[in-house]
Amino acid sequence: MGFVAGLVIGLVVGLGIIVLFVRSENSRSKRRNELATTVAAFARMTVEDSRKILPPQFYPSWVVFSQRQKLTWLNQHLTKIWPYVNEAASELIRTSVEPVLEQYRPIILASLKFSKFTLGTVAPQFTGVSIVEDGADSVTMEMEMQWDANSSIILDIKTYLGVSLPVQVKDIGFTGVFRLIFKPLVNEFPCFGAVCFSLRKKKKLDFTLKVIGGDISTIPGLSDAIESTIRDAIEDSIMWPVRKIIPILPGDYSDLELKPVGILEVKLVQARDLTNKDIIGKSDPYASLYVRPLPDKTKRSKIINNDLNPIWNEHYEFVIEDATTQHLVVKIYDDEGLQASELIGCAQVHLRELEPGKVKDVWLNLVKDLEIQRDTKNRGQVHLELLYCPFGMENGFTNPFSPNFSMTSLERVLKSGANGTDDIENEKAFTQKKKEVIIRGVLSVTVISAEDLPVVDLMGKADPYVVLTMKKSGAKNKTRVVNESLNPVWNQTFDFVVEDGLHDMLILEVWDHDTFGKDYMGRCILTLTRVILEGEYKDCLQIEGAKSGKLNLQLKWMPQPIFRDS
């Protein structure tokens, strides 16, 4: 009986296992079919379909939707003709690059020339091409190139100590985007008059330096100096907006040459909440600003010691060659004395975002790398005032002064007449006898009220007052104390005589009065650019350094311009 019962149970269990296995296989087969259908559907999707399903903010930073077309056919033909290209282009590149290398030659070197220059046997690969819409009389093409070269490049370097070193440039790795402009379009074959080419974007440039038969580290700083020279030479000779022009048909193509088109005025006002890079104390920040990253075109601010909320209030000018593609880069560093400075963060502003002739006040979030779009770490902010002035722009400001005096573009917008940006050549004629207009006047500040101040006292209130300071002159005033209020009303007016309105600023600090001292609550910082332009305005400002709170102000400017010999 027991045997029969065991046999029956075994059969039932066996049949159950078989049924479950069959069902499991059927279910897995169904899921595989559904997954294959889904994958096939994704394979048929276009870029636009994927963008509709998932918004851009949900994509990781390494996902890029390229509009570039593949160029397999071009790479195949380029590989075939590369030996001839190498012979033809090597000498051309050598003769054009050597003068630029000499221009940026480090002071520790007596000469810097090529003793050998060949592009090697490995042809570059073009990974994509796109057409840029850029006017009706031209065709603009951008081609992305990748090149892991085996070039044979040897630099003949001589120092003032009489040492001669043959330095080999090897292991070159390059990725970038070249721009080709076919302009002007004509009704004669090949239908365009000239070709302009330039390196639009340099994504990667790696190389190593090696002394033939020696060690480059025997001369301290030589490797860094040569590498910096090579990078500066590339930047200055071929990086956009610099362009090389190849005439195809006879004609005058001077309009295609690189020319300044305007001036960018930048006021570096301040930074706040910077990341502290020092273990002991606070960072010593300074700013580096450039439109083109060349040594002679980069501006550097003064160092503010031991401060994570530095105030600079410094003014710079940059020559602009192409307002549609160029951008201003700001990098904030922590000064480390004799050691290399440490980057705190960087930011950039595209010039196409600026309205010509209008001052733009911006706060920019600092990021670790401008190429990384999704940097969520708080590294601080930098405050800029920007003004782009194209040459020959009509600005509508009345000019009470002679046009012969040299002024910055910002001063010209504020004070000059119909043609606010005279040509640089006209200004140079007056460099021997130059004067500057000082924007002098009386600044009237009315501290109206504050709103939603943070609680400071134990009783849930505060006894606030405001201290007003002109940064350049140091002149101070303060309001009365309003007891036990988080929404105080003052309605007090203070006048300041300002000797140089463009380079001064107003600092308003909110304090809590105590019987045995005072507590700092926050501050507001204002440049005088807006009040000089508008004459009078009211504003509600967020109090910096406080959890909450706003300050209501009214400012009025009464100009008394004078001249100063420079």
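Note: the structure precedes this text.
Residues numbered from 1 in each chain as written. Predicted model: local features only at pLDDT ≥ 70, side-chain atom pairs only at ≥ 80, totals over all residues. Heavy atoms only, no water.

### Regarding the overall build of the protein
Logical step 1: For the protein, the count of helices and strands is 7 helices and 25 strands.
Logical step 2: Among the 566 residues that make up the protein, the fraction classed as buried is 43%.
Logical step 3: For the protein, the accessible surface area stands at approximately 31,500 Å², while carbon and sulfur atoms represent 56% of it. (Helix = DSSP H or I, 4+ residues; strand = E, 2+ residues; numbered from the N terminus. Buried < 20%, exposed > 50% of the residue type's maximum accessible area, 1.4 Å probe, protein only. Areas by Shrake-Rupley, 256 points an atom, 1.4 Å probe, with all protein chains shown as cover.)

### Looking at the packing of aromatic side chains
Logical step 1: By the definition in use, this model includes 6 aromatic pairs.
Logical step 2: Summarising the aromatic geometry, the rings of tyrosine 286 and tyrosine 333 are spaced 5.6 Å apart at their centres and angled 20° between planes, so their arrangement reads as stacked. Note that tyrosine 286 is positioned in strand E9 (residues 285–290) and tyrosine 333 in strand E12 (residues 327–334), a separation of 47 residues in sequence. Note on accessibility: tyrosine 286 and tyrosine 333 belong to one class, buried.
Logical step 3: Centre to centre, the rings of tryptophan 511 and tyrosine 520 are 5.2 Å apart; their planes meet at 70°, and the pair counts as edge-to-face.
Logical step 4: Residue class for tryptophan 511 comes out buried when judged on its relative accessible area of 16%. (Phe/Tyr/Trp six-rings, centres within 6.5 Å; stacked < 30°, edge-to-face > 60°.)

### Looking at the pattern of salt bridges
Logical step 1: One pass over the full model with this rule turns up 17 salt bridges.
Logical step 2: A salt bridge links glutamate 142 to arginine 179, with the shortest nitrogen-to-oxygen separation between them at 2.7 Å. With glutamate 142 in strand E3 (residues 139–148) and arginine 179 in strand E5 (residues 164–185), this pair connects stretches of sequence that are 37 residues apart. No difference in accessibility class separates glutamate 142 from arginine 179, as the two residues are buried.
Logical step 3: In this structure, lysine 202 engages glutamate 235 in a salt bridge whose closest nitrogen and oxygen atoms are separated by 3.8 Å. Of this pair, lysine 202 sits in strand E6 (residues 192–211) while glutamate 235 sits in helix H4 (residues 222–237); the two residues are 33 residues apart in sequence, bridging distant segments of the chain.
Logical step 4: On the accessibility criterion, glutamate 235 (8% relative accessible area) is buried. (Salt bridge = Lys/Arg side-chain N within 4 Å of Asp/Glu carboxyl O.)

### Overview of unusual backbone geometry
Logical step 1: Looking along the chain, the bond that leaves phenylalanine 189 and enters proline 190 is cis, with omega of 10°.
Logical step 2: Looking at the secondary structure, you find proline 190 in the loop between E5 and E6.
Logical step 3: Residues tryptophan 240 and proline 241 are joined by a peptide bond in cis, for which omega reads 15°.
Logical step 4: Tracing the backbone shows proline 241 in the loop between H4 and strand E7 (244–247).

### Considering a nonpolar patch on the surface
Logical step 1: A contiguous nonpolar surface patch, about 610 Å² in accessible area, is contributed by Phe3, Val4, Leu7, Val8, Leu11 and Val12.
Logical step 2: Within the secondary structure, leucine 7 sits in helix H1 (residues 2–43). (Patch = residues over 30% accessible without salt bridge, like charges linked within 9 Å, V, L, I, M, F, W, Y side chains within 5 Å.)

### Some remarks on the layout of surface pockets
In this approach the atoms are scanned with a rolling probe the size of a water molecule, which exposes any empty space left behind.
Logical step 1: Taken as a whole, the second largest pocket encloses approximately 1,500 Å³ of empty space.
Logical step 2: Going through the elements one at a time, helix H3 (72–103), strand E1 (109–118), E3, strand E4 (152–159), E5, E6, H4 and E7 are the ones with two or more residues in the lining of the second largest pocket.
Logical step 3: Tallying contributions element by element places H3 first for the lining of the second largest pocket, with 10 residues.
Logical step 4: Here the residues of the lining of the second largest pocket sort into 33 nonpolar, 3 polar and 1 charged. (1 Å grid on protein atoms, 1.4 Å probe; cavity = no way out; pocket = protein on both sides within 12 Å on 5 of 7 lines; lining within 4 Å. Points joined across faces, edges and corners; volume = space filled by probe spheres on them. Nonpolar A, V, L, I, M, F, W, Y, C, P; charged D, E, K, R; others polar.)

### Here's the deal with the nonpolar core
Logical step 1: Ranked by internal contacts, the top residues of the largest apolar core, which has 39 residues, are Leu155, Val167, Val169, Ile226 and Ile230.
Logical step 2: Elements that contribute at least two residues to this core include exactly H3, E1, strand E2 (125–132), E3, E4, E5, E6 and H4. (Core = buried A, V, L, I, M, F, W, Y, C linked by side-chain atoms within 4.5 Å.)

### Description of the packing of H3 against H4
Logical step 1: As a packed pair, H3 and H4 sit with axes 9 Å apart at the nearest point and diverge in direction by 120°. Relative to H4, the element H3 is oriented oblique. Crossing of H3 against H4: the hand is right-handed. Along the contact surface, H3 presents Val100, Leu101 and Gln103, while H4 presents Thr229, Ile230, Ala233, Asp236 and Ser237.
Logical step 2: In the contact of H3 with H4, the residues fall into 4 nonpolar, 3 polar and 1 charged. (Axes fitted to C-alpha atoms, helices over the stretch in contact; angles between N-to-C directions. Parallel < 35°, antiparallel > 145°, perpendicular 65-115°, else oblique. Left-handed = near helix turned anticlockwise from the far one by under 90°. Contact = heavy atoms within 4.5 Å.)

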